[in-house]
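So you can see what is in the structure, the chains are spelled out below.
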Amino acid sequence: MKKFQISATLEVYDSVNGLPENIQRLMTMAIDIRKKAYAPYSRFQVGAALLLSNDVIVTGNNQENAAYPSGLCAERVAIYHAGAQYPKEEVSLMAITATSLDNPVTTPVPPCGACRQAIAEYEVKQAKSIEIYFMGEYGVVYKANSISDLLPLMFDGSQL
């Protein structure tokens, strides 16, 4: 038997104010769309904003459903919208923010597993990494240079 270690390096910013100006703008848009999330069951609101290679910004928020599997996360709402409306454009950056209507969320909230897989599909499709910035309601912001930092040993179409 052999063992190997998988590790990732993330950048940490003390707050949104410490981010580069273009990322601050993207995160502000994610915060604004987060407030419009449809989350009557979990009361957990998530917003995502994507910067495309044509400088268009696409946003999305979580959309819940009483039949839980029928809902969709903010990241997938945004990335699928970008894929449908701008199929030839690359996704350069993604900003994600989350909050609870019941408790303060002060730690960064990364994409869930299903969203990580969807983001991976777009990275493979465009053969280019997507920088991902994520935070809670306020406070520290994490930056991953690629979804592979958050989804090591990812599955993609080359394995089919």
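Residues numbered from 1 in each chain as written. Predicted model: local features only at pLDDT ≥ 70, side-chain atom pairs only at ≥ 80, totals over all residues. Heavy atoms only, no water.

A. Looking closely at the pairing of strand β3 (residues 57-61). In terms of strand pairing, strand β2 (residues 44-52) meets β3 through 5 bridges, oriented antiparallel. Bridged to Ala49 within β3 is Thr59. The antiparallel pairing of β2 with β3 creates a hairpin that spans 4 residues between the two strands, and Asp55 there sits at a positive phi of about 70°. (Pairing = 2+ DSSP bridges. Helix = DSSP H or I, 4+ residues; strand = E, 2+ residues; numbered from the N terminus.)

B. Fine view of the side chain of Glu123. Relative to the helices and strands, Glu123 is located in helix α3 (residues 113-126). Buried charged residue Glu123 carries no salt bridge. Nearest counter-charge: Lys128, at 11 Å. Excluding its chain neighbours within four sequence positions, the residues that come into contact with Glu123 are Lys128, Ser129, Ile130, Ser146, Ile147 and Ser148. (Buried < 20%, exposed > 50% of the residue type's maximum accessible area, 1.4 Å probe, protein only. Lys, Arg positive; Asp, Glu negative; His and termini not counted. Salt bridge = Lys/Arg side-chain N within 4 Å of Asp/Glu carboxyl O. Contact = heavy atoms within 4.5 Å.)

C. Seen up close, the pattern of salt bridges. Tallying each qualifying case throughout the model produces 4 salt bridges. With a shortest N-O distance of 3.6 Å, Lys143 and Glu11 are connected by a salt bridge. Of this pair, Lys143 sits in strand β6 (residues 141-144) while Glu11 sits in strand β1 (residues 11-13), placing them 132 residues apart in sequence. With relative accessibility at 8%, the residue Lys143 sits in the buried group. Here Lys128 ties to Glu90 by a salt bridge, and the two come within 3.5 Å at their closest N and O atoms. With a gap of 38 residues between them, Lys128 in the loop between α3 and β5 (131-135) and Glu90 in the loop between α2 (74-85) and β4 (91-100) connect regions that are remote in the sequence. Looking at Lys128, the relative accessible area reads 40%, which means it is partly exposed. A single network of salt bridges, built from pairs that share partners, joins Glu11, Glu131 and Lys143.

D. Looking closely at α3. Here α3 is 14 residues long and its end C-alpha atoms lie 20 Å apart, about the 20 Å a rise of 1.5 Å per residue gives. Buried residues of α3: Cys115, Arg116, Ala118, Ile119, Ala120, Tyr122, Glu123 and Gln126, and no others. The elements touched by buried residues of α3 are α2, β4 and β5. Of the residues trailing α3, Ala127 is marked for its positive phi of about 50°. (Expected span 1.5 Å × (residues − 1).)

E. Spatial organisation of the packing of aromatic side chains. The full count for this structure, using the stated rule, is 3 aromatic pairs. Their ring planes at 45° and their centres at 6.3 Å tell us that Tyr13 and Tyr133 sit as a pair that is tilted. Pair noted here: Tyr13 is in strand β1 and Tyr133 is in strand β5, with a separation of 120 residues, a long-range link. Taking 5.6 Å as the distance between ring centres and 80° as the angle between the ring planes, the aromatic pair formed by Phe134 and Tyr142 counts as edge-to-face. Judged by its relative accessible area of 28%, Tyr142 is partly exposed. (Phe/Tyr/Trp six-rings, centres within 6.5 Å; stacked < 30°, edge-to-face > 60°.)

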